[in-house]
Amino acid sequence: MESGPAIFAGTAFALFGAVLLVWTGGRVLHRAPVADGVNPATAAVLTTIFGAAFLVAGVWCFSLV
């Protein structure tokens, strides 16, 4: 019964983290700003850290199933 919410949360976290990493990689590859008004290196690093954290959270949720 508790596996349903864990699967949903794991999917949401993993999907968001993966898309955030792909989007950040595309922006950095094209030398486009990741966030307006922020140092490009800082924005890219923080976005990558949060994308990886969401991906790890998704994997952790899947491990609970």
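Caption draft 1: Local environment of the overall build of the chain. Each helix and strand in the chain was counted, giving two helices and zero strands. Its C-alpha radius of gyration of 14 Å places the chain more than 25% over the 11 Å reference for a compact globule of 65 residues. For the chain, the residues scored as buried account for 20% of the 65 residues in total. For the chain, the share of sequence-separated contacts (at least 6 apart) that also reach a separation of at least 24 residues comes to 74%.

Caption draft 2: Structural detail: the packing of helix H1 (residues 3-29) against helix H2 (residues 40-63). At a closest axis distance of 7 Å, the pairing of H1 and H2 adopts a crossing angle of 155 degrees. The orientation of H1 with respect to H2, classified from their angle, is roughly antiparallel. Crossing of H1 against H2: the hand is left-handed. Looking at side-chain class alone, the contact of H1 with H2 contains 18 nonpolar, eight polar and no charged residues.

Caption draft 3: Representation of H2. Between its terminal C-alpha atoms H2 stretches 35 Å, which fits the 34 Å expected from 24 residues at 1.5 Å a residue. Taken together, the buried positions of H2 are Ala43, Ala44, Thr47, Gly51, Gly58 and Cys61. Those residues of H2 hidden inside the fold are in contact with H1.

Procedures and definitions
- Residues numbered from 1 in each chain as written.
- Predicted model: local features only at pLDDT ≥ 70, side-chain atom pairs only at ≥ 80, totals over all residues.
- Heavy atoms only, no water.
- Helix = DSSP H or I, 4+ residues; strand = E, 2+ residues; numbered from the N terminus.
- Rg over C-alpha atoms; globule rule 2.2 N^0.38 Å.
- Buried < 20%, exposed > 50% of the residue type's maximum accessible area, 1.4 Å probe, protein only.
- Contact = heavy atoms within 4.5 Å.
- Axes fitted to C-alpha atoms, helices over the stretch in contact; angles between N-to-C directions.
- Parallel < 35°, antiparallel > 145°, perpendicular 65-115°, else oblique.
- Left-handed = near helix turned anticlockwise from the far one by under 90°.
- Nonpolar A, V, L, I, M, F, W, Y, C, P; charged D, E, K, R; others polar.
- Expected span 1.5 Å × (residues − 1).

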